[in-house]
Amino acid sequence: MSDYVRIFDTTLRDGEQCPGATMNLEEKLRVARQLALLNVDVIEAGFPIASKDDFEAVKTIAGEIEGPEIAGLCRCLPKDIERGWQAVKGARKPRLHIFLATSKIHLQYKLRKAEDEILRQAVEMTKYAASLCANVEFSPEDASRTERSFLAEVVEAVIEAGATTVNIPDTVGYAVPWEYGETIKYLRTHVKNIDRAVLSAHCHDDLGLAVANSLAAVANGARQVEVAVNGLGERAGNCALEEIVMAIKTRREVLGVDTRVNTQQIMAASRLVSQITGFPVPPNKAIVGSNAFKHEAGIHQHGVLVHRATYEIMSPEQIGLNPEEIAQGIVLGKHSGHHAFEKRLKDLGYNLTQDEVARALERFKEVADKKKVVYDEDLHAIVEDVVATGARPTYTIDYLSVTAGSHLIPTATVRLRKGGRVVQRAATGDGPVDAVFKAISSITHIKGELLDYAIRSVTSGREAMGEVTVKVRYKERIYTGVAASTDVIEASAKAYVNCLNRILV
Ligand code: KIV
Ligand code: ZN
């Protein structure tokens, strides 16, 4: 058996299904380009039948991205498969990924079909997909709760019908590692044509076991794992790309396998996805959290100074971080030039366009004017802010003024610029932030429902930057906006405007 595990990334499909993680076409393209730099084997670019936007995104990614295979997800229905094929057929290496539920609970309540009907549909639709595309993946949805004998029957039949990859989804994150590993082993020993397809793991993290389950699958013969950057995905998310890739790399001698991922692009991928979706990475997150390579306890610090391997099982360089800069903590001053600034962003794992570097430098100078020292955390917030604002935002803030106090009605005056036009409105609210949001809404006429407003301090101290994240529901979809500033009212206004701009895109 091959000792190479394919990495199938579903950040743009299962990841994007996560409420609030909606991405527009430009953002999806940026993530796809970064996934190509990571050298993943497959990019699942979307669910083409789901919407016109999804279709366009998959088609555009298929047309542009070289290297990885480009997959589109389809239900086992002719119209889905036809649409999926139209979206991916322009790719250098297209893949159709079709799925149909096989567990008793899904058959009884969701599909209202008997097992023999499901088997027939799975075979017919696999044949149809294979008639269009030589590369077909079949997923028996809720496989981990499907009776093993029926699962084996379906797997054998779809391979016979032309499936080249068979994925075994733990759709609801219910499996435990040895049980999921056993299922993979069972299929390898009970499905007679199993060697004609690649077995794949697709694990959700409802019990926090997605990575462990995926590793158990690999240990039992799966040679593809489905992952998402930062573990993004439906509900608690999918198996985190960075965690399984680094687990395989770090414990190669135990697992006996490897991936082809360029791990030095991991940090850049994590940051990009976090910036675009507005989902912050917790500091204690494995591999990509800001504390992942920091040592606090004196005994640990001493150990690391004497010999890094005493307390470090991986090196920061492996994921694209520069260890000296992590140790230093403090970065550039306000007199720093373009080159030093750009290099610093590269060291921190960013792949930005020239325009973004220029805009980030401008923001950095503003912040450096207000703060004595600018830390790495501040730089992350600045880049997040710049990426979230986008190169051509529909609305930008021209002027903002707020009055508030214990005996005053909070009032905000906001002037927004759209193209060459400026519009100014004033509004009162329950508090200064509410007043600002109301003034902005009265200019843009976008009446979304504010679902969440969160503020966090980027660093400590009185002049610390505040980072604001807002989530707005608009026409059944949830949009996120992020912005940072040393003034939290300004950060709130910018985050709200960024969110509305994303709705407009
Ligand atoms: O979780 C799941 O079952 C899925 C399938 C569509 C592969 O995402
Ligand atoms: Zn899934």
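Because the structure is predicted, anything quoted here is derived from the model rather than measured. (Residues numbered from 1 in each chain as written. Chains lettered and ligands numbered in written order. Predicted model: local features only at pLDDT ≥ 70, side-chain atom pairs only at ≥ 80, totals over all residues. Heavy atoms only, no water.)

1. As for the overall build of the chain
What the chain contains, in helices and strands, is 19 helices and 14 strands. A compact globule built from 505 residues would reach a C-alpha radius of gyration of about 23 Å, and the chain, at 24 Å, matches this within 12%. Along the three orthogonal principal directions, the C-alpha set of the chain runs to about 75 × 60 × 40 Å. Every one of the 505 residues in the chain was classed for burial, and the buried ones make up 55%. Counting contacts in the chain only where the partners sit at least 6 residues apart, residues at least 24 apart contribute 66% of the total. Of the charged side chains in the chain, 62 are positive and 66 negative; the average position of the first set lies 4 Å away from that of the second. (Helix = DSSP H or I, 4+ residues; strand = E, 2+ residues; numbered from the N terminus. Rg over C-alpha atoms; globule rule 2.2 N^0.38 Å. Buried < 20%, exposed > 50% of the residue type's maximum accessible area, 1.4 Å probe, protein only. Contact = heavy atoms within 4.5 Å. Lys, Arg positive; Asp, Glu negative; His and termini not counted. Charge placed at Lys NZ, Arg CZ, Asp CG, Glu CD.)

2. So, the pattern of salt bridges
Inspection of the entire model under this criterion finds 31 salt bridges. In this structure, Arg75 engages Asp80 in a salt bridge whose closest nitrogen and oxygen atoms are separated by 2.9 Å. The partly exposed category is assigned to Arg75, whose relative accessible area is 33%. The class for Asp80 is buried, based on a relative accessible area of 1%. The closest approach of N and O atoms between Asp355 and Arg359, which form a salt bridge, is 3.1 Å. Of this pair, Asp355 and Arg359 both sit in helix H16 (residues 354–370), separated by four residues, roughly a single helical turn. Linked through salt bridges whose partners overlap, the residues forming this network are Glu16, Lys28, Asp54 and Arg477. (Salt bridge = Lys/Arg side-chain N within 4 Å of Asp/Glu carboxyl O.)

3. Section: the site of ligand 1
Taken together, Arg13, Asp14, His97, Phe99, Ser139, Glu141, Asn167, Pro169, Thr171, His202 and His204 are the residues near ligand 1. Between ligand 1 and His204 there is a distance of 3.0 Å, counted from an oxygen atom to a side-chain nitrogen or oxygen. If ligand 1 stood free it would expose 260 Å²; the protein chains cover 93% of that surface. Among the secondary structure elements, those contributing two or more residues to the shell around ligand 1 are helix H1 (11–15), strand S4 (94–101), strand S5 (136–141) and strand S6 (165–170). Within the shell around ligand 1, the residues separate by chemical class into two nonpolar, six polar and three charged. (Near = heavy atom within 4 Å. Polar contact = N/O pair within 3.5 Å; in protein donor to acceptor, adjacent residues only side chain to side chain. Areas by Shrake-Rupley, 256 points an atom, 1.4 Å probe, with all protein chains shown as cover. Nonpolar A, V, L, I, M, F, W, Y, C, P; charged D, E, K, R; others polar.)

4. A word on the coordination of the zinc ion (ligand 2)
Only Asp14 (OD), His202 (NE2) and His204 (NE2) from the protein reach the zinc ion (ligand 2) as donors, at distances of 2.0 to 2.2 Å. All donor residues of the zinc ion (ligand 2) come from one chain, and their arrangement in sequence is D-x187-H-x1-H. In this pair, Asp14 is assigned in helix H1 and His204 in the loop between strand S7 (198–203) and helix H9 (210–219), connecting sequence segments 190 residues apart. Judged by relative accessible area, which is 2%, Asp14 ranks as buried. (Donors = N, O, S within 2.8 Å, 3.2 Å for Na, K, Ca; no water.)

5. What to know about the nonpolar core
Among the nonpolar cores identified, the biggest contains 114 residues, and Ile43, Ile98, Phe138, Val155 and Ile168 are the most heavily contacted of them. Here this core gets nine residues from one element, more than from any other, and that element is helix H7 (residues 148–161). Those residues within four positions of Ile168 in sequence are excluded, and the remaining contacts are Pro140, Ala143, Leu151, Val155, Tyr180, Thr183, Ile184, Leu187, Leu199, Ser200, Ala201 and His202. (Core = buried A, V, L, I, M, F, W, Y, C linked by side-chain atoms within 4.5 Å.)

6. Regarding the environment of Arg477
Relative to the elements of secondary structure, Arg477 occurs in strand S14 (residues 477–485). Each C-alpha atom of the pair Arg477 and Ala21 lies 9.8 Å from the other, and the pair is 456 residues apart in sequence. Ignoring any residue separated from it by four or fewer positions in sequence, one finds Arg477 in contact with Glu16, Thr22, Asp53 and Val472.

7. Quick notes on the sheet that holds strand S10 (residues 408–418)
Spatial strand order, S9-S10-S11: three strands in an open sheet with antiparallel pairing. For this open sheet the edge positions go to strand S9 (395–405) and strand S11 (421–428), each flanked by a neighbour on one side alone. Taking each pair of neighbouring strands and ignoring which way they run, the sheet shows an average axis angle of 10 degrees. Each of S9, S10 and S11 is contacted by helix H18 (residues 432–444), which is oriented at about 40 degrees to S10, the strand it contacts most. Against the sheet, helix H19 (residues 488–504) contacts S9 and S10, and its axis sits at roughly 140 degrees relative to S9. (Pairing = 2+ DSSP bridges. Axes fitted to C-alpha atoms, helices over the stretch in contact; angles between N-to-C directions.)

8. Quick look at a positive patch on the surface
A contiguous patch of positive charge, built from Lys52, Lys59, Arg83 and Lys89, is present on the exposed surface. You can see Lys52 is positioned in helix H3 (residues 52–64). (Patch = residues over 30% accessible without salt bridge, like charges linked within 9 Å, V, L, I, M, F, W, Y side chains within 5 Å.)

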